[in-house]
Amino acid sequence: MSTPEESDTKADGGRHANKTDGHSLPYVFSMEESDASLQEPIDAKINGKVPDWLKGSLYRNGSGVYKIGDTVGRHLFDGFAVIHRWTIQDGRVTYLSTALDSDHFNKCFAANRIIGVSFGSYFPDPCKSIFRRFFSHFLPLQPESSDNTAVNIVQLGDRLFAMTETTMINEVNPKTMKCDGKVNLKDYLALHMGTAHPHFEKDGTVLYYGTNFDYKKAYNIVRATPPQDNRAPLVDGKIIASIPSRWKTKIGYNHSFGMSENFIIVLELPFVINVWKLLTVEMKMRAVVDTMETFPDEKILLHVVDKMTGHRLPIIYQAPHGFVFHFINCFEEENHLVVDVCLLSDAAAMKNLYLESLAHDMSSGNQANFARFVLPLSNDGAQIGDDVNHLTGSQAKAILTGKSIVDVDAERIFGTNLHFDLPRINYESFNGLKYRYVYGSTSLTKDPIRKILKLDIATKRVQHWSCPDENYEAGEPVFVPHPDATDEDEGVVLCPVVSTVSDNQSFLVILDASTFQELATASIPVDVKMNITFHGNFTFKVF
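S.K.: Explain the overall build of the protein chain residue by residue, including any values.
M.R.: Secondary structure summary: the protein chain contains nine helices and 40 strands in total. Relative to the 2.2 N^0.38 estimate, which gives 24 Å for 543 residues, the radius of gyration of the protein chain is 22 Å and therefore close to what a compact globule would have. Expressed along its principal axes, the backbone C-alpha trace of the protein chain runs to roughly 65 × 65 × 50 Å. Of all 543 residues assigned to the protein chain, the portion counted as buried reaches 60%. The long-range share in the protein chain, meaning contacts at least 24 apart out of those at least 6 apart in sequence, stands at 64%. Surface summary for the protein chain: the accessible area is close to 21,500 Å², and the carbon and sulfur share equals 49%. Each charge sign in the protein chain was given a centre, from 52 positive and 67 negative side chains, and these centres are 5 Å apart.

Dropping the structure here:
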């Protein structure tokens with residue numbers, strides 16, 4: 001087993017307790033609670049024509065408030081959640097945002113300082129007994145889970161929930177965008193960390209991923225029904241599969257997982273959380289990032305689980321060292337499992353997202369490519385050294401290197417020079433099935449002028465929409481199907497475009513998903529700040 005490389009940022013309590021006046025923060029990260037929480041929806045200025053059929057609300061979630069009092073978060077993932085709502089009806093668009101009133105945010109706001117452990121920062125809690133930290137030296141304690149759910153907002157049943165990578169979930173009132181209750185899934189399931197990217201079956205069944213610090217059951221898949229009435233989400237869920245970690249004291253980090261018609265796909269990445277370090281972050285006054293380590297010589301393992309039985313396939317699939325934030329889609333064809341992801345060569349992007357670095361250069365070095373792995377579901381009759389990928393037209397490699405070991409290497413369908421992430425597809429109709437189109441963003445890449453992309457997998461054609469200049473960040477593009485759609489790309493793409501300087505207006509762009517031509521933009525006033533959001537979803541309901 002190779003020696004891990006630890007995060008470049010070492011923790012000593014003083015460095016993580018970063019205190020500044022906030023003036024050094026980039027404009028886009030300098031939002032305060034008063035900037036984030038608008039009192040009422042704002043009418044956006046429309047340029048172009050909003051399609052008559054488009055009616056509903058786009059909800060977005062992301063880190064927005066990084067500064068409270070004289071305490072400032074250090075990493076892109078440290079900010080408190082700000083929820084956005086773009087409401088579209090009768091050709092009009094309104095915009096509303098609010099800092100999510102989670103318990104953690106309320107506590108910090110009342111104390112006029114950030115408190116506790118976050119991804120890239122640590123701020124001591126003056127109300128917490130020193131004996132807790134002293135006691136954890138002898139009996140390590142899991143750090144308290146923050147309910148700062150700042151990664152995604154999803155619709156489960158008819159309700160909205162803000163999610164992050166802890167087991168905390170906040171229900172969000174779609175009208176007020178305030179918390180309407182919360183649940184900690186570890187009170188119901190044997191999980192210690194979770195995901196902000198659940199999957200949904202056609203019948204509404206929810207599939208969720210979570211990790212357990214016991215290496216024998218490290219990676220877990222949960223199946224649950226949509227929340228009914230006022231029941232909390234996923235509390236009736238059942239763990240249908242548990243996968244052990246290859247390391248006894250380390251758990252591979254995962255932001256998302258994949259789903260095809262019959263299988264669940266979990267990547268065990270060689271970028272890990274050291275469990276013992278995580279259990280002592282408070283005692284040692286460290287941030288979560290300081291518990292993360294990279295194994296530069298180890299491979300990615302692709303675990304495939306039968307969705308119905310919960311059994312893991314007996315074939316061991318392993319890929320070259322790399323890192324993945326986001327799955328694109330997975331599907332089955334000709335007794336092969338196709339796994340499409342945004343693949344990076346390593347986890348450097350995670351370490352490059354400190355606000356101090358972004359203040360000088362808004363590119364994180366995110367060099368993710370479209371990568372297609374092809375996993376043969378059977379090796380019958382194959383000999384060691386054979387390429388067992390027999391999928392028609394595929395250039396991906398799948399070499400049998402042992403009786404039940406297949407070394408897979410991805411096909412970079414769009415080459416290695418096209419960099420993008422935040423992928424979205426026509427999820428409603430094509431998730432888990434063979435598909436043709438994916439939409440993404442060049443946000444935080446080295447691309448000087450950010451673009452929204454449309455990739456045609458069948459023809460390898462790439463279409464793009466470009467931001468007006470280098471002072472904008474294009475976010476995650478969300479596909480919205482036309483109600484009467486007959487083609488996969490019949491609909492629109494909605495994407496927030498954030499100004500990174502004070503002189504420009506942020507706006508929502510509406511693109512024809514088929515032609516990728518701009519239909520309209522909806523701009524908010526120049527004095528209204530809009531923060532970068534990570535993920536969100538569209539609902540055809542209007543509030």
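S.K.: Describe the pattern of salt bridges, with residues and values.
M.R.: A side chain with one charge can pair with a side chain of the opposite charge if their charged atoms come near. Summed over the entire model, instances satisfying the criterion amount to 19 salt bridges. Across the pair Asp43 and Arg92 runs a salt bridge, and its minimum N-O distance is 2.5 Å. One end of the pair, Asp43, is in strand β2 (residues 42–43); the other, Arg92, is in strand β8 (residues 92–99), and 49 residues separate them in sequence. The partner of Glu201 in a salt bridge is Lys307, and the shortest N-O contact between them spans 3.2 Å. Separated by 106 residues along the polypeptide, Glu201 in the loop between β15 (199–200) and β16 (206–211) and Lys307 in the loop between β24 (300–306) and β25 (316–319) bring together distant segments of the chain. Here the residues in one salt-bridge network are Arg60, Arg424 and Glu476, joined through shared partners.

S.K.: How would you explain the confidence of the model for the protein chain if you had to name every residue and give the values?
M.R.: The share of residues in the protein chain with pLDDT of 70 or more is 92%, and the mean pLDDT across the chain is 91. For the stretch residues 7–23, pLDDT sits under 50, and the model shows 39 contacts to residues farther than four places along the chain or on other chains.

S.K.: Which residues make up the pairing of strand β21 (residues 263–268), and what values do they have?
M.R.: Taken across its six residues, β21 has six buried, putting it largely inside the fold. Burial along β21 is two-sided: the face carrying Phe263, Ile265 and Leu267 and the face carrying Ile264, Val266 and Glu268 are both buried. Pairing of strand β20 (residues 258–259) with β21 involves two bridges; the strand directions are antiparallel. Within β21, the position partnered with Met259 by the bridge is Ile264. Following β20, the chain reverses through three residues before pairing antiparallel with β21.

S.K.: Could you give me a rundown of the sheet that holds strand β26 (residues 323–333), with the residues and numbers involved?
M.R.: Taken together, the three strands give an open sheet; going across it, the order is β26-β27-β28, and neighbouring strands pair in antiparallel fashion. The sheet is open, and its two edges are formed by β26 and β28 (369–376), each paired on a single side. Averaged over all adjacent pairs, the angle separating strand axes in this sheet is 25°, with direction ignored. Pairing between β26 and strand β27 (residues 336–344): eight bridges, direction antiparallel. Along β27, the bridge assignment pairs Asn329 with Asp340.

S.K.: Lay out the packing of aromatic side chains in plain terms, naming residues and giving numbers.
M.R.: Applying the stated criterion across every chain, the model contains 20 aromatic pairs. Between Phe80 and Phe105, the ring centres sit 5.3 Å apart and the planes meet at 70°, which makes this aromatic pair edge-to-face. With Phe80 in strand β7 (residues 80–89) and Phe105 in helix α3 (residues 103–111), this pair connects stretches of sequence that are 25 residues apart. Side by side, Phe80 and Phe105 carry an identical accessibility label, which is buried. An angle of 80° between the planes, with centres 6.2 Å apart, marks the rings of Phe331 and Tyr435 as edge-to-face. With Phe331 in strand β26 and Tyr435 in the loop between α9 (427–430) and β32 (437–441), this pair connects stretches of sequence that are 104 residues apart. Assigned by exposure class, Phe331 and Tyr435 land together as buried. Taken together through their ring pairs, the aromatic side chains of Tyr253, Phe271, Phe323 and Phe325 make up a single cluster. The aromatic ring of Tyr437 is capped on one face by Lys454, whose charged end is 4.4 Å from the ring centroid.

S.K.: Got a sec to walk through α3? Specific residues and values, please.
M.R.: Residues His104, Phe105 and Cys108 constitute the buried set of α3. An end-on view of α3 places all buried positions within 95° of arc, on one side of the element. Of the surrounding secondary structure, the elements contacted by the buried residues of α3 are α2 (33–36), β4 (56–65), β5 (67–68), β7 and β8. Positive phi shows up at Asn112, right after α3, with a value of about 55°.

S.K.: Break down the side chain of His419 for me, citing the residues and quoting the values.
M.R.: Tracing the chain through its elements places His419 in the loop between β30 (405–409) and β31 (421–424). In this structure the side chain of His419 is engaged in a polar contact, spanning 2.9 Å, whose partner is the side chain of Gln367. At 3.0 Å, the side chain of His419 and the backbone oxygen of Thr416 are in polar contact. Apart from the residues within four sequence positions on either side, His419 is in contact with Asn366, Gln367, Ala368, Asn369, Thr442, Thr445 and Leu453.

Cut-offs and rules
- Residues numbered from 1 in each chain as written.
- Predicted model: local features only at pLDDT ≥ 70, side-chain atom pairs only at ≥ 80, totals over all residues.
- Heavy atoms only, no water.
- Helix = DSSP H or I, 4+ residues; strand = E, 2+ residues; numbered from the N terminus.
- Rg over C-alpha atoms; globule rule 2.2 N^0.38 Å.
- Buried < 20%, exposed > 50% of the residue type's maximum accessible area, 1.4 Å probe, protein only.
- Contact = heavy atoms within 4.5 Å.
- Areas by Shrake-Rupley, 256 points an atom, 1.4 Å probe, with all protein chains shown as cover.
- Lys, Arg positive; Asp, Glu negative; His and termini not counted.
- Charge placed at Lys NZ, Arg CZ, Asp CG, Glu CD.
- Salt bridge = Lys/Arg side-chain N within 4 Å of Asp/Glu carboxyl O.
- pLDDT = per-residue confidence, 0-100.
- Pairing = 2+ DSSP bridges.
- Axes fitted to C-alpha atoms, helices over the stretch in contact; angles between N-to-C directions.
- Phe/Tyr/Trp six-rings, centres within 6.5 Å; stacked < 30°, edge-to-face > 60°.
- Lys NZ or Arg CZ within 6 Å of the ring centre and 35° of its normal.
- Arc of directions from axis to C-beta.
- Polar contact = N/O pair within 3.5 Å; in protein donor to acceptor, adjacent residues only side chain to side chain.

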